[in-house]
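Breakdown of the fold
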Amino acid sequence: MAGGLTKYLYLFFCFLLQLPLQSSGEPLPTLSAPSREVPVKGIKGDSLELACTSVSTPLVVFWSFTPPGSLTPQPIAVTNGAEVKVEPGALALGAVSLRNSSLVLEGLQIAAQGRFLCQALYSAGGELHTAYSYIILSVLVPVSKPRVRLSSPSPVEGASLVVACVIREGTGPVSFAWQHQEPQGSQGALTERSEQTLHLEPVNRTHTGWYICSAQNEVNRLNSERVYLDVIYGPDEPMITVEPLAISEDSYWASEREEVTLSCLAPSNPPSRYVWLHDHIQVYSGPTYIIARAHQSHAGHYTCLAHNSYLDTHTQATIQLTIFYPPQGQPTCAVFPDTGAVVLNCSWPGGFPEAQLQWEGPEGTSPSAPTNLTWTHLSTHLPNGSIFSCIAQHPALAQPVFCRITLWEPTSTPTCSTPIMARDQFVMLSCEWPGGEPSGSLTWYDAEEQLLGSSRSSPAIQLLRAHEGLAGKEFTCRGTHPLRNPDPDCRLRLEAPRLIVDQPHVSVLEGREAWLDCLLLGGRPPPELLWLGPQQLPMKPNPPHYTLQQRGPRLSLILHDADPAHHSGVYHCLAQNALGNASHSTLLEVQRYPAPPNVTISSLTYGRHRSEVRLQWATQGPGNLTGFLVERRASPAGSEPGVWERAAADIEPESRGRRLGGLDPGVLYAFRVWALNHRTAGHPSEVKTPVDPPFNAYPAVLGAAGAGMVVATVASLLVFQYAARHPETFPQLGQLLFSTDRTSARGNPQDRRAMVDPEMQAGEVPMSTTTPGSPLEPNDTPVNVTITVTATP
């Protein structure tokens with residue numbers, strides 16, 4: 001087999017050596033099939049099969065390759081159908097193999113680009129023939145993944161920038177396309193930019209964002225990873241916005257007490273840092289400054305400073321903020337009368353800017369004016385109850401503010417009076433006409449209708465110099481009002497005072513209450529009414545023992561606890577005004593009570609330890625009694641007697657004795673008693689000193705005797721019980737107890753009696769322990785015992 005392939009290869013090479021002769025026009029010894037040249041394209045790395053001629057059963061197939069720029073073909077592979085021979089150098093073209101007569105290239109390399117020649121040797125008609133074909137192979141290289149390359153990743157706005165789309169390989173022609181995505185926007189294509197390199201001259205902030213490039217040839221199309229272009233710029237001039245937005249002339253304004261938001265925006269990359277200044281004083285750091293509750297102090301210039309920390313550049317913008325605030329309180333409305341008209345005034349001062357005022361009435365509106373507005377309106381045909389409103393408007397108020405005036409006439413008529421004046425040099429004429437809107441005007445006239453002074457509102461006061469000639473004069477006060485017709489008036493007549501007293505003579509008992517009454521009958525101006533005491537001095541309000549009581553025209557002087565020495569006399573009631581005076585007198589007589597009966601002291605003895613005395617007295621003679629008074633006088637040892645002092649008072653009239661304590665045992669006291677009839681005292685009793693009381697032992701004797709009897713009885717019972725049980729111990733006592741015959745023969749003993757005679761009151765009580773005639777034993781000696789008991793109080 002190997003010999004056959006060698007034979008064929010030999011013949012085939014010989015034939016190849018003759019090929020140049022064919023090109024020179026010399027005839028070949030064998031017939032050849034027509035040749036053809038086919039262009040073929042392959043892709044680097046892919047598999048490619050190159051077909052040879054259409055000879056069905058070639059004897060030998062020989063493949064050769066001629067690189068571009070070379071004229072010498074290089075053998076690649078040969079086969080005779082049974083064996084295949086591939087040149088080792090063919091590996092530069094890829095993995096070479098033969099499939100039948102076709103050349104298979106796997107992992108096509110770029111070196112395979114060139115001219116491939118397929119020559120086939122076959123037998124036909126007993127002769128050897130050759131057929132060959134030319135294949136022009138173009139190896140296409142796919143574009144590699146492109147990469148975006150920036151000449152500067154963070155250029156400054158205004159500089160030059162080159163953006164390139166770089167690929168490592170790819171068969172041309174290669175076309176490029178660009179996509180740009182804003183930082184916060186959507187992705188979009190850059191139209192009319194198909195070059196591989198973008199020249200951004202100058203670069204600006206709109207170029208900021210993500211860039212993607214794509215490379216495409218006839219093999220493939222690939223996109224790059226996105227690359228961010230960060231253009232540094234700014235800060236631009238800040239833009240300041242104010243919320244709520246309110247613009248006045250060349251400044252912003254806000255209402256007092258509302259929230260104001262100041263926002264600053266200065267485009268910059270990196271973002272700006274903001275600082276707020278209020279009248280050149282820093283107040284906040286940040287893009288938004290919020291004034292939670294605007295005040296007048298917040299007015300002024302606000303400056304926003306923007307700073308780019310990367311470029312260290314600054315910009316600023318300034319606005320003026322004005323704080324609008326309304327006037328304090330509410331607008332005030334007032335109305336004044338005028339001849340045939342009313343004058344309406346509305347005032348609301350203060351605030352910024354000034355409030356605008358306008359009157360609105362039943363027949364139209366007035367022109368507007370700031371701060372203070374006066375409008376004169378005819379009163380003709382104005383009905384009672386007409387309403388006028390003052391409308392106040394201010395930019396800082398969401399709604400207008402109102403004040404209203406309702407016109408109405410006074411319902412009553414003027415009232416004339418003459419008030420009391422502190423001094424009587426003048427007479428005051430007073431005229432009052434309350435109510436009404438506006439208030440009425442009042443004017444005084446005399447009896448001859450002569451005008452006194454000028455017109456004025458209520459109250460209208462007119463002063464006249466006082467003199468007696470004014471008595472009986474009449475004066476008129478006339479009122480005028482825009483809504484009142486005809487004019488009302490009032491009149492008064494001046495007169496001197498007149499008075500009377502109820503009783504010219506009043507008698508009252510001592511200590512009782514007396515009433516002195518005085519009645520004022522007339523007088524204008526109203527007179528001053530007073531009482532003069534017995535000393536002709538005015539009685540001050542509520543002096544001691546007196547009460548002044550005023551009830552209308554009646555003045556009462558009430559005397560309490562009347563005393564003949566101080567309260568009896570003549571009292572005068574005096575009435576006086578600027579035109580004169582009047583006086584009446586009342587005689588007050590205070591009478592004493594009758595004298596009480598005389599008093600005598602019946603007993604005056606010391607008590608226990610001489611620190612108290614027991615005093616008893618009796619009355620002698622007729623007379624009324626209301627009580628007793630006891631007095632004492634101390635006489636210390638070696639000193640003169642002292643003064644009399646009260647020992648007991650307010651003693652009931654039915655009492656005839658009193659126990660008095662608090663005495664000094666070392667001092668000698670004297671006592672006397674007075675009988676009282678209200679405030680009238682009788683003659684004092686005789687003066688006595690206390691004595692020691694007589695001794696009285698009766699209670700002590702009874703107590704001692706009772707206690708002794710109890711003790712003796714108990715002791716006797718015990719002794720007798722013991723003697724009865726032990727007779728040998730007390731033989732004599734046993735004989736006494738148990739010799740009943742002897743005892744009976746001798747008789748019963750007499751009962752002992754205790755008698756108290758009048759001498760026992762002296763403290764001595766004699767008591768005998770034996771009974772006369774009692775039998776005694778011979779050996780017993782009779783003993784007489786006397787027990788004396790003394791009781792000490």
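Residues numbered from 1 in each chain as written. Predicted model: local features only at pLDDT ≥ 70, side-chain atom pairs only at ≥ 80, totals over all residues. Heavy atoms only, no water.

The next thing to look at is the packing of aromatic side chains. Taken as a whole and judged by the stated rule, the model has 11 aromatic pairs. With centroids separated by 6.0 Å and ring planes inclined at 80°, the aromatic side chains of Tyr132 and Tyr134 adopt a geometry described as edge-to-face. A centroid spacing of 4.9 Å and a plane angle of 65° characterise the contact between Trp210 and Tyr228, whose relative ring orientation is edge-to-face. In this pair, Trp210 is assigned in strand 16 (residues 209-216) and Tyr228 in strand 18 (residues 227-229), connecting sequence segments 18 residues apart. (Phe/Tyr/Trp six-rings, centres within 6.5 Å; stacked < 30°, edge-to-face > 60°. Helix = DSSP H or I, 4+ residues; strand = E, 2+ residues; numbered from the N terminus.)

This part takes up the side chain of Ser272. Structurally, Ser272 is set in the loop between strand 22 (260-265) and strand 23 (273-278). Judged by its relative accessible area of 10%, Ser272 is buried. A distance of 3.0 Å separates a polar side-chain atom of Ser272 from the backbone oxygen of Ala266. When sequence neighbours within four positions are dropped, the list of residues in contact with Ser272 reads Pro235, Ala266, Ala306 and His307. (Buried < 20%, exposed > 50% of the residue type's maximum accessible area, 1.4 Å probe, protein only. Polar contact = N/O pair within 3.5 Å; in protein donor to acceptor, adjacent residues only side chain to side chain. Contact = heavy atoms within 4.5 Å.)

The subject of this paragraph is the side chain of Ser144. Checked against the element boundaries, Ser144 lands in the loop between strand 10 (127-140) and strand 11 (147-150). Separated by 2.7 Å, the side chain of Ser144 and the backbone nitrogen of Arg168 make a polar contact. Ignoring sequence-local partners within four residues, the contact set of Ser144 consists of Ile167, Arg168, Glu169 and Leu222.

Time to look at the sheet that holds strand 26 (residues 300-308). Across the sheet, which stays open at both edges, the 6 strands sit in the order 20-21-27-26-23-24 with mixed pairing between neighbours. Edge positions in the sheet fall to strand 20 (247-248) and strand 24 (281-285), since each has one partner strand and no second. The sheet contact formed by strand 21 (residues 251-255) and strand 27 (residues 313-324) spans 4 bridges and is parallel. By the bridge assignment, Ser255 is partnered in strand 27 with Phe324. (Pairing = 2+ DSSP bridges.)

Now for the pattern of salt bridges. Taken as a whole, this structure holds 23 salt bridges when the rule is applied. Measuring nitrogen to oxygen at the nearest pair gives 3.5 Å for the salt bridge that ties Arg478 to Glu449. In this pair, Arg478 sits in strand 41 (residues 474-480) while Glu449 sits in the loop between strand 38 (441-445) and strand 39 (451-457), placing the two residues 29 residues apart along the sequence. The class of Glu449 is partly exposed, set by a relative accessible area of 39%. Between Arg659 and Glu612 there is a salt bridge, and its shortest N-O distance comes to 2.2 Å. On the criterion of sequence distance, the pair formed by Arg659 in strand 55 (residues 657-660) and Glu612 in the loop between strand 51 (598-606) and strand 52 (613-620) is long-range, its members being 47 residues apart. (Salt bridge = Lys/Arg side-chain N within 4 Å of Asp/Glu carboxyl O.)

Attention now goes to the confidence of the model for the protein chain. Taken as a whole, the protein chain shows an average pLDDT of 82; of its residues, 84% reach a score of 70 or greater. When pLDDT is averaged over each element of the protein chain, strand 23 comes out on top at 96 and strand 58 (residues 766-768) at the bottom at 32. Within the model, the stretch residues 1-8 combines pLDDT values under 50 with 9 contacts to residues more than four positions away or in other chains. Every residue in residues 10-29 is under pLDDT 50, and counting partners more than four places away or in other chains gives 17 contacts. (pLDDT = per-residue confidence, 0-100.)

Before going further, it helps to examine the pairing of strand 12 (residues 161-166). Consecutive side chains along a regular strand alternate between the two faces of the sheet. In terms of burial, strand 12 is largely enclosed, as 5 of its 6 residues are buried. When strand 11 meets strand 12, the two strands line up antiparallel, connected through 4 bridges. Residue pairing for strand 12: Arg147 is matched across the bridge by Val166. Across 4 bridges, the pairing between strand 12 and strand 15 (residues 197-200) is antiparallel. Following the sheet pairing, Val162 is matched in strand 15 by His199.

What follows covers unusual backbone geometry. Of the consecutive residues Phe352 and Pro353, the connecting peptide bond is found in the cis state with omega at -10°. As for its position among the elements, Pro353 is in the loop between strand 29 (341-347) and strand 30 (356-361). In this structure, Pro525 follows Arg524 across a cis peptide bond, with omega equal to 5°. Here Glu449, not a glycine, exhibits a phi torsion of approximately 60°, which is positive. Of note in this structure, Asp561 is not a glycine but carries a positive phi near 55°. Within the secondary structure layout, Asp561 lies in the loop between strand 48 (554-559) and helix 3 (564-567).

What follows covers the state of the cysteines. Under the definition given, this model contains 8 disulfides. With its sulfur 1.5 Å from that of its partner, Cys52 forms a disulfide with Cys118. Across the S-S bond of Cys52 and Cys118 the torsion is about -100°, and the bridge reads as left-handed. Taken together, the positions of Cys52 in the loop between strand 3 (48-50) and strand 4 (60-66) and Cys118 in strand 9 (residues 114-124) put the pair 66 residues apart, joining distant regions of the chain. (Disulfide = S-S within 2.5 Å.)

Within a sheet, each strand pairs with its neighbour through backbone hydrogen bonds, oriented either parallel or antiparallel. If you trace the 3 strands from one edge of the open sheet to the other, you get 3-8-7, paired in antiparallel fashion. At either end of the open sheet lies a strand with only one pairing partner, and these are strand 3 and strand 7 (95-99). Within this sheet the neighbouring strands show an average axis-to-axis angle of 25°, counted without direction. Examined bridge by bridge, strand 7 and strand 8 (residues 102-106) share 5 bridges and lie antiparallel to one another. Looking across to strand 8, one finds that Ala95 is bridged to Glu106. (Axes fitted to C-alpha atoms, helices over the stretch in contact; angles between N-to-C directions.)

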